[in-house]
Amino acid sequence: MKMFNYCILNSGCLFQPLFFILERILSIMDYYEKVYITVYLKTDTDGRSKPVCIEWTNGKRFLIDKIIDERNAPPEHTGAILTRKFKVQINGQEKIIYYETQTNKWFVERLS
Amino acid sequence: MRTILHSDLNNFYASVECLRNPEIRDKPVIVVGSKEDRHGIVLAKNMIAKIAGVKTGDVYWEARQKCGKELIEVQADFSSYIAVSKAVRKIYENYTVRIEAYGIDECWLDVTSSVKLFGGGLAIAEEIRERIKNEIGLTVSIGVSWNKIFAKLGSDMKKPDAITEITPENYKQKVWTLSVEDLLYVGNATKKKLNRIGIKTIGDLAQTEEERLCALLGKWGSYLHSFANGTEQSPVLLVGEEENIKSIGNSLTVYRDLVNDDDVEMVLLLLADSVASRMREAGLNKARTVALYARSSKLYGYQKQGKLSHPTGNMHDIAKLAFKLFKEVYPWEEYVRGVGISVTDFVTGSEQLDMFGDLIKDERQQRLDKAIDGLRKKYGNGIITTATVLKDPKLKELDIKGEHTIHPYSFFRNNK
């Protein structure tokens, strides 16, 4: 799918509006949902907090190896306002977790 | 020459709702006040609803008629809007300290002193636009110019997600061709007056002699002349300046239309009560000027301000003057949808005693006010109210003071 979108974006062809609609339809097809998770935070002596471990809905815990990137950004596929996006590494894999600053909740986006 | 940006968040309330709930993004969306109390007018709409002909100020069933069953109505959630607005402002603060809010979704930024650092006004505008999109997820229209008026016109020209620069070289093509009502502060009445003497575009206005405009519009003639020519010089306020209280106001869109003077008087009394009580809370005892704002059911606005005979913080005096102003300014061609009162010109420090005033009465009133404030603090704002208001039991339940009111700061607030 990503590859397909990429081709569309780079085709620069006259039918771009048509492709735009097509892309929208396709993006509706892969439907993402928000899954709230429990997150363990570590707060340092300066009062800065960062996530160290996440707990999945079934109670299983995963340690965060490192935080690759952290910035203010809206979620890619689901809805939320004023979120902070963390790109983290868990078991050698890159994952993205979001923090909702308004509600103080953490979530991930899951393809359903 | 200054470099001023005017940044306008596109369809702000509706965009926030779409951000929160992306499934509704492809449908017509309107944001309404509380439906049960029939504050139910459209406060904002997204692009799709706009194309369908929905206007801000429509009653929600009118919007439903225009959009059909697809229409999504979302109840306004002001605390979220304020939070998002604050986050956007944080982004602005990276480029300048001179930020002046005009309502919740618009700001002027004076970036004159940071243009060298970032490579020009246009570059700053581009960076702000990108950042708001990437970090918050909203689109913004920005106007870049050398004065506040043209910057605002610029931000209105291309929407959404666009930047327009108005320079001394291109303003005659870009601004002067616009219709005169596009100019800030040219409302319906002013437009009619101007049209009558053959002024249709902003260019016409700019080329008319100032004296002629002044004869027609009073001091506003000279303001509008400077607006149209780009010679307007009002400063963009500093961040800190906003914290100074210059005026206290409350407005209310009533759950039903107000049909006669008695109704209006009653609501004005309620508003004056809230204003007076907020004044006392802010430690401001007396004010000299009262401004009244009324909005008809067709959403035309009328306003007038007047001076009090002596500075006062008394709700009855404020309400009395507001009602007098209302009688003077409102033509009663339609029913009244909403009214607002604000007070300015606060008296601080020692004051001259009024020779004919009744000191004892004044002091008694102050003691009464204090007691009322005490009661309200303990039991809530609804615990005590004026008897006039009891005529309409639903009004009695309204908690004006407790509710959030958001309205733009006046453009001339600091230029008096």
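Residues numbered from 1 in each chain as written. Chains lettered and ligands numbered in written order. Predicted model: local features only at pLDDT ≥ 70, side-chain atom pairs only at ≥ 80, totals over all residues. Heavy atoms only, no water.

Another aspect to go through is the overall build of chain A. Counting its secondary structure elements, chain A contains two helices and seven strands. Put simply, chain A runs from its N terminus to its C terminus through helices and strands in the order α-α-β-β-β-β-β-β-β. When burial is assessed residue by residue, chain A has 29% of its 112 residues classed as buried. Considering only residue pairs separated by 6 or more positions, chain A has 36% of its internal contacts joining residues 24 or more positions apart. As presented, chain A carries roughly 7700 Å² of accessible surface, and 55% of it is formed by carbon and sulfur atoms. (Helix = DSSP H or I, 4+ residues; strand = E, 2+ residues; numbered from the N terminus. Buried < 20%, exposed > 50% of the residue type's maximum accessible area, 1.4 Å probe, protein only. Contact = heavy atoms within 4.5 Å. Areas by Shrake-Rupley, 256 points an atom, 1.4 Å probe, with all protein chains shown as cover.)

Attention now goes to the pairing of strand 5 (residues 83-90) of chain A. Residues and elements named next belong to chain A. Relative to strand 5, strand 4 (residues 66-72) is paired through six bridges, and the arrangement is antiparallel. For Asn72, the partnering residue across the bridge sits in strand 5 and is Arg84. Relative to strand 6 (residues 93-100), strand 5 runs antiparallel, the two sharing eight bridges. When the sheet's bridge partners are listed, Arg84 is paired in strand 6 with Tyr99. Once strand 5 ends, the chain turns through two residues before running back antiparallel as strand 6, passing Asn91 with a positive phi of about 50 degrees. (Pairing = 2+ DSSP bridges.)

Facing 12 residues of chain A, the contacting portion of chain B comprises 17 residues. Inspection of the region where chain A meets chain B yields two residue pairs in polar contact (both at pLDDT 80 or more). Each residue belonging to the side of chain A that touches chain B can be placed in one class, and the counts come to six nonpolar, five polar and one charged. (Polar contact = N/O pair within 3.5 Å; in protein donor to acceptor, adjacent residues only side chain to side chain. Nonpolar A, V, L, I, M, F, W, Y, C, P; charged D, E, K, R; others polar.)

Before going further, it helps to examine the packing of helix 9 (residues 188-196) of chain B against helix 11 (residues 210-217) of chain B. The angle between the axes and the distance between the axes are what describe a pair of packed helices. Residues and elements named next belong to chain B. It is at 11 Å that the axes of helix 9 and helix 11 come closest, and there the two elements cross at 130 degrees. The angle between the axes of helix 9 and helix 11 places the two elements in the oblique class. Classified by chirality, the crossing of helix 11 by helix 9 is right-handed. Of the residues in helix 11, those in contact with Thr190, Lys193 and Leu194 of helix 9 are Leu213, Leu216 and Leu217. (Axes fitted to C-alpha atoms, helices over the stretch in contact; angles between N-to-C directions. Parallel < 35°, antiparallel > 145°, perpendicular 65-115°, else oblique. Left-handed = near helix turned anticlockwise from the far one by under 90°.)

In this section: the packing of aromatic side chains. Under the counting rule described, the total for this entry stands at 22 aromatic pairs over all chains. A centroid spacing of 4.9 Å and a plane angle of 55 degrees characterise the contact between Tyr95(B) and Phe118(B), whose relative ring orientation is tilted. Here Phe118(B) lies in helix 5 (residues 115-118) and Tyr95(B) lies in the loop between helix 4 (78-92) and strand 5 (99-101), a separation of 23 residues in the sequence. Using a relative accessible area of 4% as the deciding quantity, one classes Tyr95(B) as buried. Between Tyr330(B) and Trp332(B), the aromatic rings sit 5.3 Å apart at their centres with planes inclined by 90 degrees, giving edge-to-face as the arrangement. Exposure remark for Tyr330(B): the relative accessible area of 5% places this residue in the buried category. Taken together, Tyr302(B), Phe323(B), Phe326(B), Tyr330(B) and Trp332(B) form an aromatic cluster joined through their ring pairs. One residue, Lys105(A), lies across the ring of Tyr36(A), its end atom 4.3 Å from the ring centre. (Phe/Tyr/Trp six-rings, centres within 6.5 Å; stacked < 30°, edge-to-face > 60°. Lys NZ or Arg CZ within 6 Å of the ring centre and 35° of its normal.)

Residues and elements named next belong to chain B. An order of 5-6-1-7-8 is seen for the five strands of this open sheet, with the pairing classed as mixed. Across the chains shown, the open sheet's two edge strands, defined by having one partner strand only, are strand 5 and strand 8 (162-165). Within the sheet, the average angular offset between the axes of one strand and its neighbour, ignoring direction, is 15 degrees. In this sheet, strand 6 (residues 106-110) lies alongside strand 1 (residues 4-9) in antiparallel orientation, the contact comprising five bridges. Bridge pairing in strand 6 links Ile4 to Asp110.

Read these as spatial facts, not as claims about activity.
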